[in-house]
Amino acid sequence: MKLYNTATRKTEDFIPQDPQNVKIYTCGPTVYDYAHIGNLTAYIYWDLLLRVLLENGYQPRRVLNLTDVGHLASDADDGEDKIEKGAKRSGKTVWEVAKYYGEYFLAKMEQLNLLPPAKVAWATDYIEQDLALVEKLTEAGLTYQISDGIYFDTAKFPRYADFAHLDLNNLKAGARVNFNPEKRNLSDFALWKWSPEGQKRDMEWEFNGRMGFPGWHLECSAIAINTLGDTIDIHTGGIDHIPVHHTDEIAQSETFTGKTFSNYWLHCNHMKSEGQKISKSLDNGFNLEELKSRGFSPIDFKMFVLQSQYQTESNFNFESLQAAKNRLKNWQNIANMRWQIKGSEGEIPSLAAKNAILEEINENLDTPKALVKIDEVFS
């Protein structure tokens, strides 16, 4: 089994620490709104990863986080918390918003027939672990405090730029994160944010005599380390996580444990709609309910997603979705004719056919080629 490792920019043989306990961490959604098809695409690919690991005889253990606090409106360390923004929009408390949209997301995973994670971790359940991480990094002299929070000093982690191949010398204010003149380095990031003066947040906790809340990046390190251990086998996420979120995770995790945070990093590309970024503002952020109203099932959409390899940018349109539905229906019809009507004595795919499909999918989860092999089996 081979996987493309973002950390090395190479496709490598997958060699886990323990084949019977493959540790996987998946960056989950920020639960402040309905998950649209672009949001769900990544989890279809990471479900495929689990199934391929199982087919190869491995036993994966995956943790998925749900971000219900700390994710500000952008990758910058300022702006409005996404959950609080969702609460204002809906007239609910942030706790109600997070619970509602978190449960909605998990229900969509079930409708897509995705394997459930071994553990679903809510960020607010790990505040104590967050603070332990901040305290240890502070004791090691890796943080500093300014007016709005406690920051990680990236200059004290020499390998900071390596993962995303960042050019820190030419990093311009606003090109990556908004510039805060109090920060020592443009790439420094918030571990813990103080609640604004005179403002009471729905989600805030006391630390060093002040109320505050965790930075977005902190939760993933705290959850992964406390549920899977110091070094995990595979960390998954979207390509947009590479330059900031995952780079920051590596810095804080590896300085905390003194060990490699993850041996393999997998990143999926974006799905666009008619060539545009999928978003509610562009009215192209369809959800599964809207697809159903047009005659498409969640599994039709899943087939559409898997017709693209996870690293390629896919383009959603209803003509392509219809083609995926037709392909799936053709498989179902042939299966009914060739096997189901013959009962237990019916024809089943040969071991050679199964191995041919697995051989394709083992090459960095190459679903397009694997689907072609399945077409050949049904021909």
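Fair warning: this is a prediction, and the values are worked out from it, not measured in the lab.

## Some points on the pattern of salt bridges
Then comes step 1: Here the structure, examined in full by the defined rule, presents 16 salt bridges.
Then comes step 2: Among the salt bridges present, the one from Glu376 reaches Lys373, with a minimum N-O distance of 3.8 Å. Of this pair, Glu376 and Lys373 both sit in helix H11 (residues 367-378), three residues apart, roughly one helical turn.
Then comes step 3: The exposure class of Glu376 is partly exposed, given its relative accessible area of 46%.
Then comes step 4: Here Lys373 falls in the partly exposed class, since its relative accessible area comes to 25%.
Then comes step 5: Put simply, Asp47, Arg51 and Lys302 are held in one network by salt bridges that share partners.

## Some details on the nonpolar core
For soluble globular proteins, nonpolar side chains are generally found buried alongside one another.
Then comes step 1: Counting residues in each nonpolar core, the largest one holds 108 residues, and the members touching the most others are Leu291, Phe301 and Phe316.
Then comes step 2: Ranked by residue count, the leading element in this core is helix H1 (residues 37-55), at 12 residues.
Then comes step 3: Setting aside residues up to four positions removed in sequence, Phe316 forms contacts with Ile37, Met271, Lys272, Ser273, Glu274, Phe286, Leu291, Phe301, Phe304 and Leu321.

## A few points about the sheet that holds strand S10 (residues 210-214)
Then comes step 1: Across the sheet, which stays open at both edges, the five strands sit in the order S6-S7-S8-S10-S9 with antiparallel pairing between neighbours. This sheet does not close on itself; its edge strands, each paired only once, are strand S6 (143-146) and strand S9 (205-207). The average undirected angle you get between the axes of adjacent strands in this sheet is 40°.
Then comes step 2: Note: strand S8 (residues 189-194) against S10, three bridges, orientation antiparallel. Looking at S10, one finds that Lys193 is bridged to Phe213.
Then comes step 3: Contacts from helix H6 (residues 242-257) reach strand S7 (149-152) and S8, with the element oriented near 85° to S8.

## Overview of the sheet that holds strand S14 (residues 276-277)
Then comes step 1: Taken in spatial order, the three strands make up an open sheet running S14-S13-S15, and their pairing is mixed. Edge strands, defined here as strands with exactly one partner in the open sheet, are S14 and strand S15 (314-316).
Then comes step 2: Bridging between strand S13 (residues 271-273) and S14 involves two bridges; their strand directions are antiparallel. Bridged to Lys272 within S14 is Lys277.

## Section: the pairing of strand S1 (residues 2-5)
Then comes step 1: Because side chains alternate across S1, one face comprises the buried residues Leu3 and Asn5, and the other comprises Lys2 and Tyr4, none of which is buried.
Then comes step 2: Pairing of S1 with strand S2 (residues 10-13) involves four bridges; the strand directions are antiparallel. Pairing of Asn5 across the sheet is with Lys10, part of S2.
Then comes step 3: Between S1 and S2, which follow one another and run antiparallel, lie four residues, and Arg9 among them has a positive phi close to 60°.

## Here's the deal with the state of the cysteines
Then comes step 1: One pass over the structure, following the stated rule, counts zero disulfides.
Then comes step 2: Counting only cysteine sulfurs, Cys220 is the nearest neighbor of Cys27, a cysteine outside any disulfide, at a range of 3.9 Å.
Then comes step 3: Judged by relative accessible area, which is 1%, Cys220 ranks as buried.

## Observations concerning the side chain of Ser308
Then comes step 1: With respect to the element layout, Ser308 can be found in the loop between helix H8 (298-306) and S15.
Then comes step 2: Judged by relative accessible area, which is 18%, Ser308 ranks as buried.
Then comes step 3: Contacts of Ser308, omitting those with residues within four sequence positions, involve Tyr45, Ser314, Thr367 and Pro368.

## Focus: the packing of aromatic side chains
Then comes step 1: Overall, the coordinates contain 21 aromatic pairs when judged by the stated rule.
Then comes step 2: Relative to Tyr101, the ring of Tyr100 lies with its centre 5.0 Å away and its plane at 80°, an arrangement referred to as edge-to-face.
Then comes step 3: Given the relative accessible area of 8%, Tyr101 is considered buried.
Then comes step 4: Taken together, a centroid distance of 5.9 Å and an interplanar angle of 65° make the contact between Trp192 and Phe207 edge-to-face. One end of the pair, Trp192, is in strand S8; the other, Phe207, is in strand S9, and 15 residues separate them in sequence.
Then comes step 5: By relative accessible area, which is 0% here, Trp192 ends up buried.

Cut-offs used in this document
Residues numbered from 1 in each chain as written. Predicted model: local features only at pLDDT ≥ 70, side-chain atom pairs only at ≥ 80, totals over all residues. Heavy atoms only, no water. Salt bridge = Lys/Arg side-chain N within 4 Å of Asp/Glu carboxyl O. Helix = DSSP H or I, 4+ residues; strand = E, 2+ residues; numbered from the N terminus. Buried < 20%, exposed > 50% of the residue type's maximum accessible area, 1.4 Å probe, protein only. Core = buried A, V, L, I, M, F, W, Y, C linked by side-chain atoms within 4.5 Å. Contact = heavy atoms within 4.5 Å. Pairing = 2+ DSSP bridges. Axes fitted to C-alpha atoms, helices over the stretch in contact; angles between N-to-C directions. Disulfide = S-S within 2.5 Å. Phe/Tyr/Trp six-rings, centres within 6.5 Å; stacked < 30°, edge-to-face > 60°.

Shape is all these values report; function is a separate question.
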